[in-house]
Amino acid sequence: MKPMKSKETVHRPLSTVRQKIVALAGGVGGAKLAHGLAQILAPEDLTIIVNTGDDFEHLGLYISPDLDTVCYTLAGLANPDTGWGRVDETWNAISNIEKLGGPGWFHLGDQDLATHIERTRRLKEGQCLSEITRDFCKAWGIHHTVIPMSDNPVRTIVETDEGDLAFQEYFVHRRCEPRVKGFRFDGVNEAEPAPGAREAIQSADAIVICPSNPWVSINPILSVLQFSILQRPAPFQGHPLSIIAISPIIGGQAVKGPAAKMYRELGIEPSALAVAKQYQGLVTHFVMDKIDSQLEPEVKSLNMQTLVAGTLMKTPDDRRQLAEDVLNFIGTEQ
Ligand code: FO1
């Protein structure tokens, strides 16, 4: 799928430019674009910083869903039907836990459990999440750098009409049913970016904000990294920092998950324009789906360069194509 370029936009061809990219990713949408970028960029040119606001303790185990979704996707181990969890999974442990009266609402597969058990063991030994992630990536044959946003605990709390809910309680246990009133990220003021995150931002040509939920996947990362992004000297080595966001809202709907419902409950009509407005002041480049091309003039008026492209990633080829379109879009002048 070829992107429709704005008339006055000049694109530098991908092949002539070596780009250092930092991608900010949440769950399934973020993992897919990160996978597309990893198909094109050399390992030393791509750092993926992942949301850990969804992390929680369950059955005595430390679970880091977005980190696992990104890693399993990059390693080719992800369940293609759900996007999260492992391919060819079995569910013996969780069904036996349920039979014994334990909680079965969060579906942990047998292979996936090994990840949580080993991660929890290492955390208890005193290793930090970023170190463990680096070791796991090596074991899974992932060559690009994957970093949790922080080694410190940050927990997304969904403020609803039924009270404050921990993220997975809201998302999985309550199936996103309670009405959203707001969000907060407990621990964010004490959280430092994980080792390597600041350095990656310092030397990046561009930050790619993947098509993940802005409210609960991207905002926690930005809350932790905002100082690193704002303090980055610009222009860096002659290149201004481009910040490119890809809309997770297509035709007024979220590809996956509750993003559109969240916008509505917060009194905002869900659209690519609403996403662009949310990122206004930070983002320099904005990518929206072809179906939303009529919104392009309004997004441009927010002082963003725009690209209309095929953003629905159904196949691995779609991921690669969108990544290529995004990389070609970086550094465009108007
Ligand atoms: N999502 C669900 O909707 N139901 C589940 O039972 C579930 C289990 C699960 C287990 C491991 C894991 O890494 C992810 C899992 N997810 C599940 C996905 C996860 O809750 C969300 O995708 C993210 O937190 C939002 O990005």
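Residues numbered from 1 in each chain as written. Predicted model: local features only at pLDDT ≥ 70, side-chain atom pairs only at ≥ 80, totals over all residues. Heavy atoms only, no water.

Here we look at the overall build of the protein
Where we set the bar: Secondary structure elements are taken from DSSP: a helix is a run of H or I of four residues or more, a strand is a run of E of two residues or more, and numbering for both begins at the N terminus. In this treatment the radius of gyration is a C-alpha quantity, and the globule benchmark scales as 2.2 Å times the residue count to the 0.38 power. Think of it in three bands: residues with accessible area under 20% of the maximum for their type are buried, residues over 50% are exposed, and the middle band is partly exposed, with areas taken using a 1.4 Å probe on protein chains only. In this analysis, two residues are considered to be in contact whenever any of their non-hydrogen atoms come within 4.5 Å of each other. All accessible-area figures derive from a Shrake-Rupley calculation using a 1.4 Å probe, and residue coverage is judged against the displayed protein chains alone. Just so you know, the count uses Lys and Arg for positive and Asp and Glu for negative, and it drops His and the chain ends. The atoms used to mark charge sites are NZ of Lys, CZ of Arg, CG of Asp and CD of Glu.
In terms of regular secondary structure, the protein is built from twelve helices and 14 strands. Its C-alpha radius of gyration of 19 Å places the protein within 12% of the 20 Å reference for a compact globule of 334 residues. Projecting the C-alpha coordinates of the protein onto the three principal axes gives extents of approximately 65 × 40 × 40 Å. Counting every position in the protein, which comprises 334 residues, the buried fraction comes to 55%. Intrachain contacts of the protein at a sequence separation of at least 6 include 70% that bridge at least 24 residues. For the protein, the computed accessible surface area is about 14,800 Å², with 51% contributed by carbon and sulfur atoms. Distance from the positive charge centre (32 side chains) to the negative charge centre (41 side chains) of the protein: 3 Å.

Thoughts on the packing of aromatic side chains
Stated precisely, the cut-off is as follows: The pairing test for Phe, Tyr and Trp rings, Trp by its six-membered ring, is centres within 6.5 Å, and the orientation test on the planes gives stacked under 30 degrees, edge-to-face over 60, and tilted for anything in between. Should the NZ of a Lys or the CZ of an Arg lie within 6 Å of a ring centre and within 35 degrees of the ring normal, that charge is described as sitting over the ring.
Scanning all chains against the criterion turns up eight aromatic pairs. A centroid spacing of 6.3 Å and a plane angle of 40 degrees characterise the contact between F56 and W105, whose relative ring orientation is tilted. Pair noted here: F56 is in strand β3 (residues 56-58) and W105 is in the loop between α3 (92-99) and α4 (110-125), with a separation of 49 residues, a long-range link. Classification of F56 by relative accessible area gives buried; the value is 15%. Between W105 and F106, the aromatic rings sit 5.8 Å apart at their centres with planes inclined by 75 degrees, giving edge-to-face as the arrangement. Using a relative accessible area of 10% as the deciding quantity, one classes F106 as buried. An aromatic cluster of three or more residues is present, and its members are F56, W105 and F106. Directly above the aromatic system of Y72 lies the positively charged group of R86, at a separation of 5.1 Å from the ring centroid.

Concerning the site of the ligand
Our working rule: Being near a molecule or strand, for a residue, comes down to having at least one heavy atom within 4 Å of it. Whenever two N or O atoms come within 3.5 Å, that pair is a polar contact, provided that in protein one can donate a hydrogen and the other can accept it, and provided that, for residues adjacent in sequence, both atoms are side-chain atoms.
Close to the ligand lie 14 residues; D54, D66, F106, H107 and Q168 are nearest. A distance of 2.8 Å is found between an oxygen atom of the ligand and a side-chain nitrogen or oxygen belonging to D66. For the ligand, whose free accessible area comes to 530 Å², the fraction covered by protein is 89%. Those elements giving two or more residues to the shell around the ligand turn out to be α2 (65-75) and α6 (167-173). Examining the composition of the shell around the ligand, we find that four residues originate from one element, α6, more than from any other.

Describing the sheet that holds strand β14 (residues 305-309)
Adjacent strands of a sheet pair through backbone hydrogen bonds, lying either parallel or antiparallel. To keep things clear, this is the line we draw: Two strands make a pair as long as DSSP finds a minimum of two bridges between them. For every element, the axis is a line fit to its C-alpha atoms; helices are fit only across the contacting stretch, and the angle between N-to-C directions ranges from 0 to 180 degrees.
Pairing in this open sheet of seven strands is parallel, and the strands run β5-β2-β1-β9-β10-β13-β14 from one edge to the other. In the strand order of this sheet, the two ends are held by β5 (145-148) and β14, each with one partner. Strand-to-strand, the axes of this sheet are offset by a mean angle of 20 degrees, without reference to chain direction. Pairing analysis gives four bridges linking strand β1 (residues 21-25) to strand β9 (residues 206-209), with the strands arranged parallel. Directly across from I21, in β9, lies its bridge partner A206. Most of the contacts of α2 go to β5, to which it runs at about 170 degrees, and overall it touches β1, β2 (46-50) and β5.

Quick look at the environment of R122
Along the polypeptide, R122 turns up in helix α4. Taking the C-alpha atoms as reference points, R122 and T160, separated by 38 residues in sequence, lie 34 Å from one another. Look past the residues within four positions of R122 in its chain and what remains in contact with it is Q127, I132, D135 and F136.

Describing helix α1 (residues 28-40)
Put simply, the rule reads: A helix is expected to span 1.5 Å multiplied by its residue count minus one.
Taking 1.5 Å per residue, 13 residues should reach 18 Å; α1 reaches 19 Å between its end C-alpha atoms and fits that length. Here α1 has its buried residues at V28, G30, A31, L33, A34, H35, G36, L37 and A38. Summarising the contacts, the buried residues of α1 are in contact with β1, β2, α2, β9, β10 (242-246) and α12 (316-329).

Here we look at the pattern of salt bridges
Heads up, the rule is: Salt bridges, as used here, are contacts in which a Lys or Arg side-chain nitrogen is within 4 Å of a carboxyl oxygen on Asp or Glu.
Taken as a whole and assessed by the stated rule, the structure comprises twelve salt bridges. With a shortest N-O distance of 2.4 Å, D68 and R119 are connected by a salt bridge. Here the residue D68 occupies a position in helix α2, and R119 occupies one in helix α4, the gap between them amounting to 51 residues. Here R119 falls in the buried class, since its relative accessible area comes to 2%.

Brief notes about the nonpolar core
Formally: Residues belong to a common nonpolar core when they are buried Ala, Val, Leu, Ile, Met, Phe, Trp, Tyr or Cys residues joined through side-chain atoms within 4.5 Å.
Grouped together as the largest cluster of nonpolar side chains are 52 residues, with contacts concentrated most on L24, I49, L225, Y279 and F286. Not counting chain neighbours up to four residues away, the residues in contact with I49 comprise V22, A23, L24, A25, I147, M149, A197, I201, I221 and L225.

Notes on the sheet that holds strand β7 (residues 163-166)
Within the open sheet, the three strands sit side by side as β7-β6-β8. Their pairing is antiparallel. Each edge of the open sheet is held by one strand with a lone partner, namely β7 and β8 (180-186). For this sheet, the mean angle separating the axes of adjacent strands, direction not counted, is 25 degrees. As defined by bridge partners, strand β6 (residues 155-160) adjoins β8 across six bridges and the pair is classed as antiparallel. The residue bridging V158 from the neighbouring strand is F183, located in β8. Against the sheet, helix α8 (residues 214-230) contacts β6 and β8, and its axis sits at roughly 35 degrees relative to β8.

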